[in-house]
Amino acid sequence: MTERTASLKFSDGSPAVTFPVLSGSVGPQVIDIRSLYGKTGKFTYDPGFLSTASCSSAITYIDGDKGELLYRGYPIEELATRCDFLETCHLLLYGDLPTPAQKEAFVPSVMRHTMVHEQMQFFLRGFRRDAHPMAILTGLVGALSAFYPDSINLHDARQREISAIRLIAKMPTLVAMSYKYSVGQPYIYPQNELSYAGNFMRMMFATPCGPYEVNEVLVRALDRFFILHADHEQNASTSTVRMCASSGTNPFAAIAAGVACLWGPAHGGANEAALNMLYEIQAEGGAAKIGEFIAKVKDKSSNVKLMGFGHRVYKNYDPRAKLMRETCYEVLNELGLHDDPLFKLAMALEKIALEDDYFVQRKLYPNVDFYSGIVQRAIGIPVQLFTAIFALARTVGWIAQLNEMVADPEYKIGRPRQLYTGSPRRSVVPLAQRA
Ligand code: CMC
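Everything in this summary refers to the structure shown in the same document. Predicted, not measured: the structure shown is a model, and the values here were computed from it.

Quick look at the site of the ligand
Close to the ligand lie 21 residues, the nearest being His-267, Lys-300, Leu-306, Arg-312 and Tyr-358. The separation between a nitrogen atom of the ligand and a polar main-chain atom of Leu-306 is 2.8 Å. Tyr-358 has a polar side-chain atom sitting 2.9 Å from a nitrogen atom of the ligand. Protein chains bury 74% of the 940 Å² of accessible surface belonging to the ligand in isolation.

What to know about the side chain of Glu-404
Counting through the fold element by element, Glu-404 comes out in helix H18 (residues 386-407). The buried category is assigned to Glu-404, whose relative accessible area is 19%. Side-chain polar atoms of Glu-404 contact the side chain of Ser-57, separated by 2.6 Å. For Glu-404, the contacting residues outside a window of four places in its chain are Ser-56, Ser-57, Ala-58, Ile-59 and Arg-242.

Considering empty space enclosed by the protein
Throughout the structure, instances matching the rule amount to four cavities of 30 Å³ or more. For the largest cavity, the calculated volume is near 110 Å³. If you go around the largest cavity, the residues you meet are Met-115, Val-116, His-117, Glu-118, Met-120, Gln-121, Thr-173, Met-177, Tyr-187, Ile-188, Tyr-189 and Pro-190. Secondary-structure elements contributing two or more residues to the lining of the largest cavity are helix H5 (120-125) and helix H7 (157-183).

Focus: the pattern of salt bridges
Evaluation of the coordinates by the stated rule reveals 18 salt bridges. For Asp-32, the salt bridge identified is with Arg-34, shortest N-O distance 2.9 Å. A residue is classified by how much of its surface remains accessible, and Asp-32, at 14% relative accessible area, is buried. For Arg-34, a relative accessible area of 59% translates into the label exposed. In this structure, Glu-78 and Arg-82 form a salt bridge, with 3.5 Å as the shortest nitrogen-oxygen distance. In this pair, Glu-78 and Arg-82 are both assigned in helix H2 (residues 76-82), four residues apart and thus about one turn of the helix distant.

Reading guide: rules and limits
- Residues numbered from 1 in each chain as written.
- Predicted model: local features only at pLDDT ≥ 70, side-chain atom pairs only at ≥ 80, totals over all residues.
- Heavy atoms only, no water.
- Near = heavy atom within 4 Å.
- Polar contact = N/O pair within 3.5 Å; in protein donor to acceptor, adjacent residues only side chain to side chain.
- Areas by Shrake-Rupley, 256 points an atom, 1.4 Å probe, with all protein chains shown as cover.
- Helix = DSSP H or I, 4+ residues; strand = E, 2+ residues; numbered from the N terminus.
- Buried < 20%, exposed > 50% of the residue type's maximum accessible area, 1.4 Å probe, protein only.
- Contact = heavy atoms within 4.5 Å.
- 1 Å grid on protein atoms, 1.4 Å probe; cavity = no way out; pocket = protein on both sides within 12 Å on 5 of 7 lines; lining within 4 Å.
- Points joined across faces, edges and corners; volume = space filled by probe spheres on them.
- Salt bridge = Lys/Arg side-chain N within 4 Å of Asp/Glu carboxyl O.

By themselves, these are just geometric observations and shouldn't be taken as functional.
Printed below as a string of structure tokens:
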């Protein structure tokens, strides 16, 4: 909806140009500059997308100043306490929470697809045993397009829906397989009558040699982790998925691109990096060394960051962090780990950072990854697998965003422009004459 206009003036006397200002349902307005190049021959310059909305979307809303996160209008606090992950998947994919009848149909439709093609394990065998799970997962997710060629047409809504369900259903199986492969244990086939998170825990931790009891407190913790990570607006990996799919590639390939992007320590790799940071401080002397570590973080020349702190959008607090912190206490109590030295170290670090001027002035608060690493470690998930589990949870968000993009009549291939700073045109000098 156009309510206002914005004018752009130039100091060189070029005529001013006017653009529509568009309003969403909530949140900042945007200046629609699509006609800028046509009108002026100029581009905008915004590396890192600090002031650029790359698309319109009706899925997730974040108010970074208020610390608010909504999926399809529902606050994350209500979803995390009143719904389960598969209800959240239904919400993200189809626009609303399921009715009882819809849930009864949706849950088995996902759980029916949990098994992966039997040949997938031969593909997995090609990886070194010590390969990083994210390297494996990037390969396995991309390979799904070779195993399920009947659902790779991005422009066919039915095929998109099938690939969405397949991806959500198979991701836990693939993550658990990559774990079992790394420890040399037999793969555990999914059990579809278990809950989504319960089935994942069983595939991770059961062996064929004995019974496995699913601990409901841990299952709830994992389910909450999945809900909190399910979508997060136009973050780096989601934008990667949109950009990748904008070329018309298949959904599995686009999600594999999202997995690759998520791997980075400034994004999904932060929970792994946060826990490794705690291990390092502990190895260097624990709580007594926190002051020294914080001094290093504040010294720009050290290039050390307090991992699990800060966020591009949340400048007040990360609402997911509050919920994950709660879960962290629940899990540690359930497992009798409240005296765990690493957890105590994390709490001491959190306290100091929350009071220190450097962090307060820059509005650097703990983000969800600060606590989620501690929760995952307590559950028994190895540090190297953390980002893969984030990818598992984020898959539904990536798919919902991809589907929204493809269904948008304004959808075009993503093709940013640049400010060229290289050499102007020049001629090749013959080799013998080059100085
Ligand atoms: N430790 C120390 N200083 C920091 C940190 C940190 N974790 N984060 C930001 N700063 C400083 C930064 O050096 C800069 O200082 P100055 O103004 O003096 O130059 C200031 O705070 C502003 O930072 P920025 O780099 O402009 O902020 P950004 O929005 O570009 O970066 C971030 C956001 C998440 C990449 C960054 O805060 C960071 O690297 N944090 C650690 C990694 C992390 O925990 N990432 C997980 C994000 S949550 C998961 C997700 O949603 O994907």
